[in-house]
Amino acid sequence: MSTPTAEVYRIDWLPGTDVLHGVCHCGAERTAEDPVELWQWMLAHPSGHHPAVPSEDQPTGHREEPRS
Amino acid sequence: MTAFAKNQWYVAAYGREIGRELLGRTFLDEPIAFYRAESDDQVIALADRCVHRRYPLTAGRLDGDTVVCGYHGFTYDTGGTCVFVPGQKRVPRTARVRSYPVVERDSLVWVWIGDPALADPGAVPRAPWLADPRWTTVGGMEPIDADYGLLVDNLLDLSHETYLHGGYIGTPEVAETPITTEVDEGAGVVRVSRHMDDAECPPFYARSTGIEGRITRWQDIEYHAPCLYLLHSRIAPVGVGPEPDGSDPNAFHVEITYAITPSTDRQVYDFWAVSRDFAQDDEEVSTFLHDLNRTVVLQDVAALNVLQKALDTEREGYQELSINIDTGGLAARRILARLAAEGEKTAPVVASP
Ligand SMILES: [Zn+2]
């Protein structure tokens, strides 16, 4: 069985608009009108992710780090 | 093409399809022979090629728990070990065919493709309604001559219902309603939700539920990559929601289950099942839902066959354009690529000198 994990990425298509709103599991958010671009940003986590409020599983928040 | 993800469980068949006749299917380019052992009814899966001259075992016959090759009589036990060769007493030590781990659960037969040592029966994703007496299920399987990735794309973006399946399950609201997409990276699950508050009722639901007029229609997809796709469908008259305690007695629930099992790089098995929690004993509803859903599946089959033919004429590196409706499909593609890469890594490798 695929047990749920804490590493959940979410993209909402904002009703009445063409805008997509992405939220990373670290709390970082971004809007875009292109799902390819939004997934690229999302999955680059933690690179370029600056959560407004650090989430509980990432108590130190996010620094920009080079991708390995 | 979409790379195969090894070291994964795949739906091989419905339990009812496997009995005392040999059944041959190819998964991820591996031809496999299935049958039930006479002694304990367990499903057995063996490589469908005799070790002697590669004759398909499915062209042979069963003898008790064993399979007898139809060419020279090499005989294999349920573990794939050769127990008889013609004309001599000594059976060569290397005379064995590969046996595959199998799990039968929720009326489905799952087979593990990859390193047998890594097969964990607890990792098989569940579809419990398929074998639950409170639900009535109809289903089938259609092969599609296409890369399995095309079927994943198709099922993760239901806005195509409006165009390809209009008049069956599609209505204008499906394509018009924004979706929410979630990826649980660790679990390898993609969820796509589309909740339509006030929608036209397509014939699929109007005739099965008897609802006249407009509906609230929820589509909640859960894709357990790579194989199992669940569509939790909730239908109710407009404005009728679940009770405060979470129960939902005034809605109709349909669990639509798909299993996407790659066969070759140009063929995929499209297993489909429709389970309902209403009119359970109504044969007419069963026949209607079966025939209508099969029609819908065959519309997908025809479309994907056409699409694959068109893609085969494209030059390498052709361009696509993705828009908002593709948010879930893009997520699924990426998870599949990751699973495929992981499956390669853990496959036994020969040490380089
Ligand atoms: Zn992040």
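Note that the structure is a prediction, hence the values are computed from the model and not measured.

## Concerning the confidence of the model for chain A
Here's step 1: In the predicted model, chain A carries a mean pLDDT of 80, and the fraction of residues at 70 or more is 74%.
Here's step 2: For the stretch residues 57-68 of chain A, pLDDT sits under 50, and the model shows 19 contacts to residues farther than four places along the chain or on other chains.

## Regarding the coordination of the zinc ion
Metal coordination angles have textbook ideals: 109.5 degrees for a tetrahedral set of four donors and 90 or 180 degrees for an octahedral set of six.
All names here are of chain A.
Here's step 1: Protein ligation of the zinc ion involves C24 (SG), C26 (SG), H45 (ND1) and H49 (ND1), the donor distances falling in the range 1.9 to 2.4 Å.
Here's step 2: Metal-centred angles of 97 to 121° between the four donor atoms at the zinc ion mark the site as tetrahedral.
Here's step 3: Each donor residue of the zinc ion lies on one chain, and together they are spaced C-x1-C-x18-H-x3-H.

## A word on the sheet that holds strand β6 (residues 66-68) of chain B
Whenever strands of a sheet pair, they do so through backbone hydrogen bonds, lying parallel or antiparallel.
Here's step 1: Strands sit in the order β5-β6-β7-β8 (chain B) across an open sheet of four strands; the sheet is antiparallel. The sheet terminates laterally at β5 (61-63) and β8 (82-84) of chain B, the two strands that pair on one side only.

## Section: the environment of Q267 of chain B
All names here are of chain B.
Here's step 1: With respect to the helices, strands and loops of the structure, Q267 is situated in strand β17 (residues 267-276).
Here's step 2: Classification of Q267 by relative accessible area gives partly exposed; the value is 23%.
Here's step 3: Sequence separation between Q267 and L57 is 210 residues, and the spatial gap between their C-alpha atoms is 22 Å.
Here's step 4: Residues within four places of Q267 in sequence aside, it is in contact with P143, I144, D145, A146 and P262.
Here's step 5: Reaching out from Q267, the side chain makes a polar contact with the side chain of D145 at a distance of 3.2 Å.

## Details of helix α1 (residues 148-156) of chain B
Residues and elements named next belong to chain B.
Here's step 1: When you tally the buried positions in α1, you get eight out of nine residues, the bulk of the element.
Here's step 2: Within the span of α1, buried status applies to Y148, G149, L150, L151, V152, N154, L155 and L156.
Here's step 3: Sitting at the amino-terminal end of α1 is D147, which places a side-chain oxygen 2.7 Å from the backbone nitrogen of G149.

Calculation rules
- Residues numbered from 1 in each chain as written.
- Chains lettered and ligands numbered in written order.
- Predicted model: local features only at pLDDT ≥ 70, side-chain atom pairs only at ≥ 80, totals over all residues.
- Heavy atoms only, no water.
- pLDDT = per-residue confidence, 0-100.
- Contact = heavy atoms within 4.5 Å.
- Donors = N, O, S within 2.8 Å, 3.2 Å for Na, K, Ca; no water.
- Tetrahedral: all angles 85-135°; square planar, octahedral: opposite > 155°, others 65-115°.
- Pairing = 2+ DSSP bridges.
- Helix = DSSP H or I, 4+ residues; strand = E, 2+ residues; numbered from the N terminus.
- Buried < 20%, exposed > 50% of the residue type's maximum accessible area, 1.4 Å probe, protein only.
- Polar contact = N/O pair within 3.5 Å; in protein donor to acceptor, adjacent residues only side chain to side chain.

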